[in-house]
Amino acid sequence: MDAPRKRRLEMAAGAGVCAASAFMAWAVRGRSSGVFGASVWRGRRDRPAVALTFDDGPSESTPAILDILAYYGVRATFFQCGANVERLPAVARQVRAAGHPIGNHSFSHPLFSFQRQRFIEQELRLTQEVIERHTGQRPFWFRAPYGVRWFGVGPVQRRLKLIGVMWTVIGYDWKLKADAVVKRVAGGVSNGAILCLHDGRELRAKPDIGVTLEAVRRLVPLLLDQGFRFETIGRLICPTT
Ligand SMILES: [Zn+2]
């Protein structure tokens, strides 16, 4: 084979590998990917409604979030880790008692990539049981830790009758300052947007969520002023009106 042709073939093969790995990256982490399990990442665009979601709780600071939501009379959806619910069952009950649905965010917040289906199933099934035992509510919704889906997540979701929920906008509230989080979320919001913030920090006890609190204090009135309603994930995805 002549050298230029060989080089062209090598480049084409390289491009194929790149395309395949870009596809895998999207399949695993892409907010709109349903490759490894059905998931939603936004609601309808014709209603001025958004859903505020919180991951990684419950934590010692979750009640402070509940206070802000109660002040404005808005509901959110909380994706809790089973291990955190076992650590702070009273806080999980408080979330439920305030009328906020609770979703499954795995038991120990692992990365699901390269994990066996049996491990994924144990993580999700145990969390369903722990949340139901402590709050009386069995979750309908599941958010993958780090947004990472993998082989096995889809079948497990189907067996446990869980619908995956990604996000339209993620606040990076675990690493940005409150100003930047507000700017990012307010800048990305639109009809039907699912907003992702964190009332915990993975499995950490007494995490500092000051940035999240400050962002929520500013974002809720800001978005209400812009005419958005806050809805639970269930209502955002399946509106009855
Ligand atoms: Zn998380």
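The structure we're discussing is the one just above.
Residues numbered from 1 in each chain as written. Predicted model: local features only at pLDDT ≥ 70, side-chain atom pairs only at ≥ 80, totals over all residues. Heavy atoms only, no water.

**Quick word on helix α8 (residues 210–225)**
Next, step 1: With 16 residues, α8 should reach 22 Å at 1.5 Å per residue; the first-to-last C-alpha distance of 23 Å fits that figure.
Next, step 2: Among the residues of α8, Thr212, Leu213, Ala215, Val216, Leu219, Val220 and Leu223 are the ones counted as buried.
Next, step 3: On the buried face of α8, the contacting elements are β2 (49–57), α2 (62–72), α7 (178–188), β8 (194–198) and β9 (229–230).
Next, step 4: Immediately beyond the C-terminal end of α8, within one or two residues, lies glycine 227, with a positive phi of roughly 95°. (Helix = DSSP H or I, 4+ residues; strand = E, 2+ residues; numbered from the N terminus. Expected span 1.5 Å × (residues − 1). Buried < 20%, exposed > 50% of the residue type's maximum accessible area, 1.4 Å probe, protein only. Contact = heavy atoms within 4.5 Å.)

**What to know about the coordination of the zinc ion**
Next, step 1: For the zinc ion, every protein donor is listed as Asp56 (OD), His105 (NE2) and His109 (NE2), and the spread of their distances is 2.1 Å.
Next, step 2: Positions of the donor residues of the zinc ion along the chain correspond to the pattern D-x48-H-x3-H. Of this pair, aspartate 56 sits in strand β2 while histidine 109 sits in the loop between β4 (102–104) and α5 (117–135), and the two are 53 residues apart along the sequence.
Next, step 3: Residue classification places aspartate 56 among the buried positions, given a relative accessible area of 5%. (Donors = N, O, S within 2.8 Å, 3.2 Å for Na, K, Ca; no water.)

**Quick look at the environment of glutamate 214**
Next, step 1: Along the chain, glutamate 214 falls in helix α8.
Next, step 2: Given a relative accessible area of 30%, glutamate 214 falls into the partly exposed group.
Next, step 3: When the C-alpha positions of glutamate 214 and valine 185 are compared, they lie 13 Å apart, and in sequence the two are 29 residues distant.

**Looking at unusual backbone geometry**
Next, step 1: Following glycine 57, the chain continues into proline 58 via a peptide bond in cis, with omega recorded as -5°.
Next, step 2: Note that proline 58 resides in the loop between β2 and α2.
Next, step 3: Non-glycine residue phenylalanine 114 carries a positive phi angle of around 65°.
Next, step 4: Within the secondary structure layout, phenylalanine 114 lies in the loop between β4 and α5.
Next, step 5: Given a relative accessible area of 72%, phenylalanine 114 falls into the exposed group.
Next, step 6: Look at lysine 206: it is not a glycine, yet its phi comes out positive at around 45°.
Next, step 7: Along the polypeptide, lysine 206 turns up in the loop between β8 and α8.

**A look at the packing of aromatic side chains**
Next, step 1: Taken as a whole and judged by the stated rule, the model has five aromatic pairs.
Next, step 2: Summarising the aromatic geometry, the rings of tyrosine 71 and tyrosine 72 are spaced 4.9 Å apart at their centres and angled 85° between planes, so their arrangement reads as edge-to-face.
Next, step 3: Accessibility expressed as a relative area gives 29% for tyrosine 72, which makes it partly exposed.
Next, step 4: Plain terms: the ring middles of phenylalanine 112 and phenylalanine 119 are 6.4 Å apart, the flat faces sit at 80° to each other, and that makes the pair edge-to-face.
Next, step 5: Residue phenylalanine 112 is classed as buried on the basis of its relative accessible area, which comes to 0%.
Next, step 6: Given a relative accessible area of 26%, phenylalanine 119 falls into the partly exposed group.
Next, step 7: Residue placement shows arginine 42 over the ring face of tryptophan 41; its charged tip is 5.8 Å from the ring centre. (Phe/Tyr/Trp six-rings, centres within 6.5 Å; stacked < 30°, edge-to-face > 60°. Lys NZ or Arg CZ within 6 Å of the ring centre and 35° of its normal.)

**With respect to the nonpolar core**
Next, step 1: One finds Leu52, Phe54, Leu69 and Leu195 to be the most contacted residues of the largest nonpolar core, which totals 34 residues.
Next, step 2: Among residues more than four places away in sequence, those in contact with leucine 69 are Leu52, Phe54, Val74, Ala76, Phe78, His100 and Val216. (Core = buried A, V, L, I, M, F, W, Y, C linked by side-chain atoms within 4.5 Å.)

**Digging into the pairing of β2**
Next, step 1: Counting buried positions along β2 yields nine of nine residues, so the element is predominantly enclosed.
Next, step 2: As defined by bridge partners, β2 adjoins β9 across two bridges and the pair is classed as parallel. Bridge assignment links alanine 49 to a residue of β9, and that residue is arginine 229.
Next, step 3: Across four bridges, β2 lies against strand β3 (residues 77–80) in parallel orientation. Across the sheet, the residue bridging to glycine 57 is glutamine 80, located in β3.
Next, step 4: Following the chain from β2 across α2 to the adjacent parallel β3, one finds a crossover that is right-handed. (Pairing = 2+ DSSP bridges. Right-handed = clockwise from strand over helix to strand, strands pointing away.)

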